[in-house]
Amino acid sequence: MGDTSAQAFLQHLRAIVGTDHVVTHEADMATYLADWRGRYNGRARAVVLPLDTAQVAAVVRLCAGAGVPIVPQGGRTGLVMGSVPDTSGEAIVLSLRRLNRIRTLDPANRTMTVDAGCILADIQAAAERAGMLFPLSLAAEGSCTIGGNLSTNAGGTAVLRYGNTRALCLGLEVVTAQGDIWDGLRALRKDNTGYALRELFIGAEGTLGVITAAVLTLYPAPRGMLTALVALDSPRRVLELLNLLQARCGAALTGFELMSAVCLDLVASEFPALPQPFAERHPQYALVELSSNESEPHAQALLESGIGAALEHGVARDAVVATSSQQALGLWRLREHIPLAQAAAGKNIKHDISLPISTIPDFIAHTDAALERAFPGCVLVTFGHLGDGNLHYNVAPPAGVAHAAFLLHQDAVNRIVHDAVVAFAGSISAEHGIGAMKRAELARTKSPVELDMMRAIKAALDPLGIMNPGKIL
Ligand code: FAD
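Residues numbered from 1 in each chain as written. Predicted model: local features only at pLDDT ≥ 70, side-chain atom pairs only at ≥ 80, totals over all residues. Heavy atoms only, no water.

Observations regarding the site of the ligand
Here comes step 1: Around the ligand lies a shell of 35 residues, among which P72, G75, T77, G78 and T145 are the nearest.
Here comes step 2: Here an oxygen atom of the ligand and a side-chain polar atom of S83 are 3.1 Å apart.
Here comes step 3: The backbone of G156 places a nitrogen or oxygen atom 3.3 Å from a nitrogen atom of the ligand.
Here comes step 4: Calculation on the ligand without its partners gives an accessible area of 980 Å², and the protein chains cover 96% of this total.
Here comes step 5: Going through the elements one at a time, β3 (70-73), α5 (146-151) and β10 (209-217) are the ones with two or more residues in the shell around the ligand.
Here comes step 6: A total of four residues in the shell around the ligand trace back to one element, the largest contributor, which is α5.
Here comes step 7: Of the residues belonging to the shell around the ligand, the class tally is twelve nonpolar, 20 polar and three charged. (Near = heavy atom within 4 Å. Polar contact = N/O pair within 3.5 Å; in protein donor to acceptor, adjacent residues only side chain to side chain. Areas by Shrake-Rupley, 256 points an atom, 1.4 Å probe, with all protein chains shown as cover. Helix = DSSP H or I, 4+ residues; strand = E, 2+ residues; numbered from the N terminus. Nonpolar A, V, L, I, M, F, W, Y, C, P; charged D, E, K, R; others polar.)

If you want it as structure tokens, here you go:
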């Protein structure tokens, strides 16, 4: 695009969304172009902030006509370099942050219709005000948007009971890559009228179209919730505890997180003000949450009987049960501060993987040993949503090795971990997505048949290839 047509393109954008909502100064664009993990900064022609679906559609039509790539962006908390553009400066960033209205809430149908730019915590709060629960919960909930959650099919801490974002969405409104508006905002639990188009856009990371609104599923708010931290010997014991609690508590078990001792050491050193519940260091910990639709005493009775049995049968070493919501928050804070402590301690090599739950102890033993052989003394920061088979399996440098120097081994480390994931029939991305970061690994680990089907879908829905190019495929 020549200088004159580039200027004309910007003028058209301003005519659609208003001059104040087309950002072009380098300094003003900087935050929109920075990857959350601080690994990379992209470049863009402009950051565009439309107000509503009609403006989104007009912007996409303009871009399609001019062949300008579009990078949809929500809260920019994604961890795989999906919501920032490349360094060519060709793309626009399309920020959905001004589409932030809660459109309707239907308690009897247990649904809520929201704009894509609504912050997750605001959606949770709106559900709570109506006496209901929107169960999607993750540490970035104060700044991530529902459009981003849907586009990455985010998981979080309540998947065990309520499923991931896909399971919490009944309908979508989407602006297609041609700039048409698809009104698929159906609030139906059953709808077998052909291909499940909604499912294509969920988890597509903005590569097929722009999600502008969604119908979300709500649940009755639990009447009692209890949290406990259980200390254990090994990942195998943690798995035994999961099975024991699932057998005794069924659907009341709403959270089950694994944290290794290294994780809590890291949190203690980076955030010394956070209280540590055990005087003694234990090899592994499970953070357990139970919810009851009956009452707090019911939740307490279930939890105490489950943990009591685990202690009695030698599955668990020790346990603390939070006796107030403040204490429960304190236990969850330990879990939520692990990624923040890692970021503060220096960059490491992260993996967001999922495995058949039964294989997790063997996977950890096998892969820890393989990494130790290749990089003696490397530090494994292993935590995650064990109840969903999802591990955040992160590799930090050995003592005395600079973080930057260790990052040079990223490809070799990824290969060891992802080859093990494939050998154990797992997935190289459980909940964060592929973005630009895992594209090469996706191509290496997925079958040609599956990749061909994905390319065919991309070509059918985005024939010009303008939607978030360079991400996923
Ligand atoms: P962005 O980062 O802005 O975008 C993510 C992707 O979605 C990009 O590819 C972008 O192009 C696309 N996109 C965004 N909005 C739209 C839209 N409206 N239409 C089309 N495409 C769009 N993730 C989990 O799953 N579970 C966790 O437990 C979890 N914990 C986290 C903890 C921390 C501290 C942080 C920083 C992140 C965590 N994440 C987690 C990752 C991240 O929060 C999620 O991926 C979140 O869903 C991203 O939402 P966002 O609005 O920030 O999206």
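More follows now that the structure is in view.
Re the sheet that holds strand β16 (residues 352-354)
Here comes step 1: The antiparallel open sheet is built from seven strands, whose spatial order is β15-β12-β14-β13-β17-β18-β16. Each end of this open sheet is capped by a strand with a single partner; those strands are β15 (318-321) and β16. If you compare each strand with its neighbour and ignore which way they point, the axes differ by 20 degrees on average.
Here comes step 2: Packing against the sheet, helix α10 (residues 296-312) makes contact with β12 (224-232), β14 (284-292) and β15, and its axis sits at approximately 15 degrees to β12. (Pairing = 2+ DSSP bridges. Axes fitted to C-alpha atoms, helices over the stretch in contact; angles between N-to-C directions. Contact = heavy atoms within 4.5 Å.)

A few points about the packing of aromatic side chains
Here comes step 1: Taken as a whole, this structure holds six aromatic pairs when the rule is applied.
Here comes step 2: Each ring, one from Y162 and one from Y219, has its centre 4.7 Å from the other, and the planes form 65 degrees; the classification is edge-to-face. Of this pair, Y162 sits in helix α6 (residues 159-162) while Y219 sits in strand β11 (residues 219-220), placing them 57 residues apart in sequence.
Here comes step 3: On the basis of an interplanar angle of 85 degrees and a centroid distance of 5.8 Å, the ring pair of F375 and F406 is categorised as edge-to-face. Of this pair, F375 sits in the loop between α12 (360-374) and β17 (379-385) while F406 sits in helix α13 (residues 403-407), and the two are 31 residues apart along the sequence. By the burial criterion, F375 is buried, and F406 matches it.
Here comes step 4: Connected via pairs of aromatic rings, a cluster forms that spans F363, Y393 and F424. (Phe/Tyr/Trp six-rings, centres within 6.5 Å; stacked < 30°, edge-to-face > 60°. Buried < 20%, exposed > 50% of the residue type's maximum accessible area, 1.4 Å probe, protein only.)

Re the nonpolar core
Here comes step 1: L241, F256, V288, F363, L371 and L391 are the most contacted members of the largest nonpolar core, which totals 50 residues.
Here comes step 2: Of all the secondary-structure elements, those providing two or more residues to this core are β12, α8 (235-249), β13 (253-260), β14, α10, α12, β18 (390-396) and α14 (410-423).
Here comes step 3: Per-element accounting of this core gives the leading share, seven residues, to α8.
Here comes step 4: Apart from the residues lying within four places of it in its own chain, the contact partners of L241 are V230, L232, F256, A286, V288, A310 and V315.
Here comes step 5: Core analysis: the next-biggest nonpolar cluster, separate from the first, contains 30 residues, V114, A116, L150 and C169 among them. (Core = buried A, V, L, I, M, F, W, Y, C linked by side-chain atoms within 4.5 Å.)

Considerations on the sheet that holds strand β4 (residues 92-95)
Here comes step 1: With respect to topology, four strands assemble into an open sheet ordered β1-β2-β4-β3, the strand pairing being mixed. Edge positions in the open sheet fall to β1 (22-23) and β3, since each of these has one partner strand only.
Here comes step 2: Where β1 and strand β2 (residues 46-48) come together, two bridges link them in antiparallel fashion. Paired with V22 across the bridge in β2 is V48.
Here comes step 3: The strands touched by helix α2 (residues 26-33) are β1, β2, β3 and β4; relative to β2, the strand with the most contacts, the crossing angle is about 65 degrees.

Here's the deal with the environment of P297
Here comes step 1: As for its position among the elements, P297 is in helix α10.
Here comes step 2: P297 gets classed as exposed once you look at its relative accessible area, which sits at 56%.
Here comes step 3: Sequence spacing of P297 and L226 is 71 residues, and the spatial spacing of their C-alpha atoms is 9.5 Å.

Brief notes about the environment of C63
Here comes step 1: Inspection of the secondary structure puts C63 in helix α3 (residues 53-66).
Here comes step 2: In this structure the C-alpha to C-alpha distance between C63 and I92, which are 29 residues apart in sequence, comes to 8.7 Å.
Here comes step 3: The residues contacting C63, other than those within four sequence positions of it, are F9, V68, I70, I92 and I466.

Some remarks on the pattern of salt bridges
Here comes step 1: Taken as a whole and judged by the stated rule, the model has 18 salt bridges.
Here comes step 2: The shortest N-O distance in the salt bridge between R103 and E173 comes to 3.1 Å. In this pair, R103 sits in strand β5 (residues 102-106) while E173 sits in strand β8 (residues 169-176), placing the two residues 70 residues apart along the sequence.
Here comes step 3: R455 serves as the salt-bridge partner of D452, at 3.0 Å between the closest nitrogen and oxygen. Linking D452 with R455, this pair stays in helix α16 (residues 448-461), spanning three residues, or about one helical turn.
Here comes step 4: A single salt-bridge network, built from bridges that share partners, covers R101, R103, D115 and E173. (Salt bridge = Lys/Arg side-chain N within 4 Å of Asp/Glu carboxyl O.)

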